[in-house]
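# Remarks on the overall topology
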Amino acid sequence: MIPILAYRYVKKKQEASRLRMEGDTSAPRARAVFENVALKVSGVCARVAEGDEIYGHLQVVERPMGVFLEWIPIDDSPDTSGWVLADENDENSLLGTSPPSGIKTSPRNFARHRFSFDLNDLSSFKSVQPARAGVGDFFGQSSSDNVCPVFTFFMKDGSSHTPLYFRQSDGNEFLACMQNYLKLRRSRKEPNLVLVINEKADILAQSVHALDNNGDILSRFMGNPYATAMTGLGKITAFMQDQVIPALLDSDEVSMEEQIRAMRELHEKGEESNPLRVYRDGEQSDFEMVTQLELPPRPEIFREAPISKKVWDSFKNNHGSFDQRALHLVKMSVFRGGLEPEVRKEAWKYLLGYISWNESHDEHLQKRAQYEKEYYRMKGQWMSISEEQESRFLTFANRKSLVEKDVTRTDRHMKYFTGEGNANIARLHDVLMTYCMYNFDLGYVQGMSDFCAPVLFVMEDEVDAFWCFVRLMDIVHSNFAEDQLSIKQQCNQLHDLVMIVNPKLCNYLEAHQSDDMYFCFRWLLVWFKREFSFEDASKLWEVLWTNQPCANFLLLICVAILDRETEVIIENGFGLTEILKHVNDLSMHLKLDELLSAAEAIFHQLSASQDKLPKYVLDYLKLNQPANA
């Protein structure tokens, strides 16, 4: 966090200087400011989603208040070069141009993807060149991306911009231009990472660091969040459901950091009021000291094609049940490749336990008739509550209000849920309200709609969607408990796994008061629903439902992401706020198959080192137990 203090100091001085240059701005007056386009690179493509690219140009612009880097979409780009005239708000008049011949561009609103920033705000950037580019070098990019240079820019506040692909340039001219304004140094640890060196900020940061070492300023202010462990979680009840979960799901990073700090304070107070320590798995005081383990090399893992309807049906017996001896093969096939969309409607019912693997088709139809009666009985209960009754039933009224609020904003980008008066939104509402009657102790907590919407989309039936959602909530319901003990346990387990797989990163997080891993809260709460596309999230979930190749494979996916982002986090000196922003900016830029391969490779590393691992780590992944079919 220290370098950001120096950065803010420099920015404040720059802003004061700019205001002095402009003089009195209280009286409206016309002014013309000239700016110089020092470099313009055409054919620079931004990938805003998988298979969705927007072409434009990148330019370096000199202005009186600083030097700016801008990327302008092709339908929003001025056909100008050299000196251009800006208006009073320092905005250019924009002229439309046509895309290069043969280029397919996205039909969406291009203007919202445009970005511009002062080079003084730049902390580092990744430069993946074709000669060095490999699969997964850049947020898991595919091998087809290796034919051109790829750049992504990381800001001092921890945010990053859309990756840019130089389709018509080798990027050398751009790098040479950047060196005219910035002192650059390639990271010794990550060859694709180029650091921006700010000598003045480094000197100031070292001075503050020296003060901190002498006075222990920050450590007294922040305390040691990891030492509080889990004993204070009994204090966190409605605060977690009403404030923390909504903040960590939807708020900006600053609000998220405030909520994280509040959680830490509650944990510390709980620790003070409860002197009893909580030990892993009842091990009393015999903690295992973990030094840096030398893990074997990670194997290269290849994903397989998703299971087709033909392959799925081939596993069945004549009456519709599955051969128990083939169950492990079935689940491993789903784990290795996922399912084709046409298979999900049936396969998810088995993976979630709505249909038993040894149940025939006729047996399920008989059970389903009972399930349908039970569903509509519970649905009728809440629908029969009058407004007068509701006025005296505060718990019900609050849950109903929260459901109504959430369903209107859940996955509205999907055609299935788009439009006013959408019947599918009404079905989503009814399923969630009926679940409140099914499990009144838990009721509804924000985030449950993230799990329910894909299930309803796949099932296309309200009854089947409800019972599949019930089975899914049986798996994840503890994520939504008032005390959030499950999430805290998962964060602790994630910390321990990172300590073994990547002790360098773990030590860095501890030094920057981020080792409680709360910046992964959203990943764990809704199983990466907000980080992947609808299709990829569905594939991830069906992979996790197989419980292969180990328990808590979700944690290994978290480890794989953090392991991949290690150098970006450390080299940029990110603190909690910057890590939160960086983690959030990874959303929709993560490549699922490559992360699954990386997580599986980490599993094989750990599995091959069972004799060296602490018992509690073996317990997390159930490596010390026979594999279940």
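Reading the values: the criteria
- Residues numbered from 1 in each chain as written.
- Predicted model: local features only at pLDDT ≥ 70, side-chain atom pairs only at ≥ 80, totals over all residues.
- Heavy atoms only, no water.
- UniProt positions renumbered as here; feature names shortened; annotations may be inferred.
- Helix = DSSP H or I, 4+ residues; strand = E, 2+ residues; numbered from the N terminus.
- Buried < 20%, exposed > 50% of the residue type's maximum accessible area, 1.4 Å probe, protein only.
- Contact = heavy atoms within 4.5 Å.
- Areas by Shrake-Rupley, 256 points an atom, 1.4 Å probe, with all protein chains shown as cover.
- Disulfide = S-S within 2.5 Å.
- Axes fitted to C-alpha atoms, helices over the stretch in contact; angles between N-to-C directions.
- Parallel < 35°, antiparallel > 145°, perpendicular 65-115°, else oblique.
- Left-handed = near helix turned anticlockwise from the far one by under 90°.
- Nonpolar A, V, L, I, M, F, W, Y, C, P; charged D, E, K, R; others polar.
- Pairing = 2+ DSSP bridges.
- Salt bridge = Lys/Arg side-chain N within 4 Å of Asp/Glu carboxyl O.
- Core = buried A, V, L, I, M, F, W, Y, C linked by side-chain atoms within 4.5 Å.

- Looking at an unreviewed UniProt entry, the protein carries the name TBC1 domain family member 15, with the source organism given as Mesorhabditis spiculigera.
- Its UniProt record, at the heading Subcellular location (unreviewed entry), says of the protein: "Cytoplasm".

## Quick word on the overall build of the protein
- In terms of helices and strands, the protein carries 24 helices and 10 strands.
- Taken over 629 residues, the protein has a buried fraction of 54%.
- The contacts of the protein with a sequence gap of at least 6 include a subset with a gap of at least 24, amounting to 72%.
- As presented, the protein carries roughly 29,200 Å² of accessible surface, and 50% of it is formed by carbon and sulfur atoms.

## Notes on unusual backbone geometry
- Residue Pro549 is reached from Gln548 by a cis peptide bond, and omega for that bond is -5 degrees.
- Of note, Pro549 is situated in the loop between helix H19 (534-545) and helix H20 (553-564).
- One non-glycine residue, Gln484, lies in the positive phi region at around 55 degrees.
- Along the polypeptide, Gln484 turns up in the loop between helix H15 (462-476) and helix H16 (485-501).
- The class for Gln484 is buried, based on a relative accessible area of 2%.
- The phi torsion at Met588 lies on the positive side, around 70 degrees, for a residue other than glycine.

## Description of the state of the cysteines
- Counted by the stated rule, this structure contains zero disulfides.
- In this structure Cys520 is a free cysteine whose sulfur lies 5.5 Å from that of Cys558, the closest cysteine sulfur available.
- Under the relative-accessibility criterion, Cys520 is labelled buried at 0%.

## Overview of the packing of helix H13 (residues 423-438) against helix H14 (residues 448-459)
- Running from N to C, H13 and H14 cross one another at 125 degrees; their axes reach a closest spacing of 10 Å. As the angle between them shows, H13 and H14 are arranged oblique. As for how H13 packs across H14, the hand of that crossing is right-handed. Of H14, the residues touching H13 (which contributes Asn424, Arg427, Leu428, Val431 and Leu432) are Met448, Ser449, Cys452, Ala453 and Leu456.
- Taken together, the residues of the contact of H13 with H14 break down into seven nonpolar, two polar and one charged.

## Thoughts on the pairing of strand S6 (residues 122-128)
- Most of S6 sits inside the fold, with seven of its seven residues counted as buried.
- Summarising the sheet, S6 and strand S7 (residues 150-155) pair through six bridges and their orientation is antiparallel. Within the sheet, the bridge partner assigned to Leu122 lies in S7 and is Met155.
- Examined bridge by bridge, S6 and strand S10 (residues 193-197) share three bridges and lie antiparallel to one another. Each residue of the ladder has a partner; that of Ser124, found in S10, is Leu195.

## Quick word on the pattern of salt bridges
- Summed over the entire model, instances satisfying the criterion amount to 32 salt bridges.
- When the shortest N-O distance is used, the salt bridge between Glu35 and Arg63 registers 2.5 Å. Separated by 28 residues along the polypeptide, Glu35 in strand S1 (residues 33-49) and Arg63 in strand S2 (residues 52-63) bring together distant segments of the chain.
- According to the relative accessible area criterion, Glu35 is buried, its value standing at 1%.
- Taking the relative accessible area as the measure of exposure, Arg63 reaches 11% and is therefore buried.
- A salt bridge links Lys367 to Glu359; its shortest N-O distance comes to 2.9 Å.
- Of the residues examined, Glu359 reaches a relative accessible area of 4% and is grouped as buried.
- Because the salt bridges share partners, they merge into one network encompassing Lys349, Arg368, Glu372, Asp461 and Asp464.

## Considering the nonpolar core
- If you look at the biggest cluster of nonpolar residues, it comprises 131 residues, and the most contacted ones within it are Trp312, Leu556 and Leu606.
- Excluding residues that lie within four positions of it along the chain, Leu556 makes contacts with Leu497, Cys550, Ala599, Ile602, Phe603, Leu606 and Leu621.
- Ranked by size, the runner-up nonpolar core spans 27 residues in total, among them Val67, Leu69, Phe115 and Leu164.

## Side note on helix H17 (residues 503-511)
- Here H17 has its buried residues at Pro503, Leu505, Cys506, Tyr508 and Leu509.
- With its phi angle positive at about 55 degrees, Gln513 sits one or two positions after the end of H17.

## Regarding the environment of Leu623
- Secondary-structure assignment places Leu623 in the segment after helix H24 (615-621).
- When the C-alpha positions of Leu623 and Pro549 are compared, they lie 9.5 Å apart, and in sequence the two are 74 residues distant.
- Other than its neighbours up to four places away in sequence, Leu623 contacts Cys550, Phe603, Leu606, Ser607, Gln610, Leu613 and Leu618.

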